[in-house]
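A look at the structure
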Amino acid sequence: MRKWYGVSLFIATLSIFIAIALVGSTQAADRPVLRVGTDATFPPFEFVNEKGQYVGFDMDLIRLIGAELGMDVRIVNTSFDGLIPGLMANQFDCIIAGMTVTDERAKSVAFSTPYFNAGQVIVVRTNDQSIHGVGDLKGKVVTTQIGTTGQLVVDKMTGLKEHRVFNTVPEAVQEVLQGRADAAVIDLPVAADFLRSQPGKFKIVGKPFTNEVYAIAVRKDNPALLAKINQALKQIEASGKFDALYKEWIMQ
Ligand code: GLN
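Residues numbered from 1 in each chain as written. Predicted model: local features only at pLDDT ≥ 70, side-chain atom pairs only at ≥ 80, totals over all residues. Heavy atoms only, no water.

Concerning the site of the ligand
- Around the ligand, a shell composed of Phe42, Phe80, Ala97, Gly98, Met99, Thr100, Arg105, Gln145, Thr148, Thr149, Asp187 and Tyr214 is seen.
- In this structure, Gly98 approaches the ligand through a main-chain N or O atom, which is 2.8 Å from a nitrogen atom.
- Contact distances for the ligand include 2.8 Å between an oxygen atom and a side-chain N or O atom of Arg105.
- Protein contacts shield 100% of the accessible area of the ligand, which totals 290 Å² for the unbound molecule.
- Split into classes, the residues belonging to the shell around the ligand amount to five nonpolar, five polar and two charged. (Near = heavy atom within 4 Å. Polar contact = N/O pair within 3.5 Å; in protein donor to acceptor, adjacent residues only side chain to side chain. Areas by Shrake-Rupley, 256 points an atom, 1.4 Å probe, with all protein chains shown as cover. Nonpolar A, V, L, I, M, F, W, Y, C, P; charged D, E, K, R; others polar.)

Examining the sheet that holds strand β10 (residues 141–145)
- Taken in spatial order, the five strands of this open sheet run β11-β10-β12-β9-β13, and their pairing is mixed. A strand with exactly one partner marks an edge of an open sheet, and here the two such strands are β11 (162–166) and β13 (202–205). Neighbouring strand axes in the sheet, compared pairwise and without regard to direction, differ in orientation by 30 degrees on average.
- Along the sheet face, helix α6 (residues 169–177) touches β9 (120–125), β10, β11, β12 (183–187) and β13 and points at about 150 degrees away from the line of β12.
- With respect to the sheet, helix α7 (residues 188–197) is in contact with β9, β12 and β13, its orientation differing from that of β13 by roughly 155 degrees. (Pairing = 2+ DSSP bridges. Helix = DSSP H or I, 4+ residues; strand = E, 2+ residues; numbered from the N terminus. Axes fitted to C-alpha atoms, helices over the stretch in contact; angles between N-to-C directions. Contact = heavy atoms within 4.5 Å.)

Concerning the side chain of Thr148
- Within the secondary structure, Thr148 is located in the loop between β10 and α5 (149–155).
- A distance of 2.6 Å separates a polar side-chain atom of Thr148 from the backbone oxygen of Gln145.

Some words on the pattern of salt bridges
- The final tally for this structure, using the stated rule, is eight salt bridges.
- Of the charged contacts in the structure, one is a salt bridge between Arg31 and Asp72, with a shortest N-O distance of 3.0 Å. Of this pair, Arg31 sits in the loop between α1 (2–29) and β1 (33–38) while Asp72 is found in strand β5 (residues 72–77), placing the two residues 41 residues apart along the sequence.
- Given the relative accessible area of 33%, Arg31 is considered partly exposed.
- When its relative accessible area of 32% is taken as the criterion, Asp72 is described as partly exposed.
- Across the pair Glu175 and Arg164 runs a salt bridge whose closest N-O atoms are separated by 3.0 Å. Of this pair, Glu175 sits in helix α6 while Arg164 is found in strand β11, placing the two residues 11 residues apart along the sequence. (Salt bridge = Lys/Arg side-chain N within 4 Å of Asp/Glu carboxyl O. Buried < 20%, exposed > 50% of the residue type's maximum accessible area, 1.4 Å probe, protein only.)

So, in structure tokens, the structure goes:
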């Protein structure tokens, strides 16, 4: 009797251990997923490398945030102007896309603590002698990316010959390089990255003429996620990992 009691106790204890181990392992396999919207045509923040992977400053940053939150990151690649509608339609949980905080966007989404300073610059062909600042864009053909702060600021300019809007920044810049347009208006760190990867092809005119900050966007009905992202950002900055990303992607 006593013997059987001992054996059943042993089996019961063992089953509890097995059950705990199983729950532990399924939890590891089914970690919660953070669905992240981006437009991966914006180096050095988000782009697709030769292996077909999503890489860049923002991609590393959001993976660090995912690690802090114990979540697996799933990137959803879409056009820039589809990002806020996609977030609102619950196709993803947040957006990281070199997205500038604007009052207009803040009407529909909530922004995290800003993580990057940027601004718009004018990009022209290396041999251009006629454009030295915003005033010189009068009478010129200017390109931008759809739905961006670049498009917004150029929309407000008067006296341009034409404003052509493209789906991606690389297309907007290509139009200038091919001689079909005179200037592109894009974010400074992206212009600087193109200059590094295609040296001698074009130049950046002067300094940024807007002041912008990038932040991560979440739906307003998800303040819990926003708080977690802000907390993770703090941790990543304090640990020096943020500076390491900056060195790797921005200051090469
Ligand atoms: N920073 C600009 C904006 O928010 C451009 C972003 C982008 O093209 N990915 O509009």
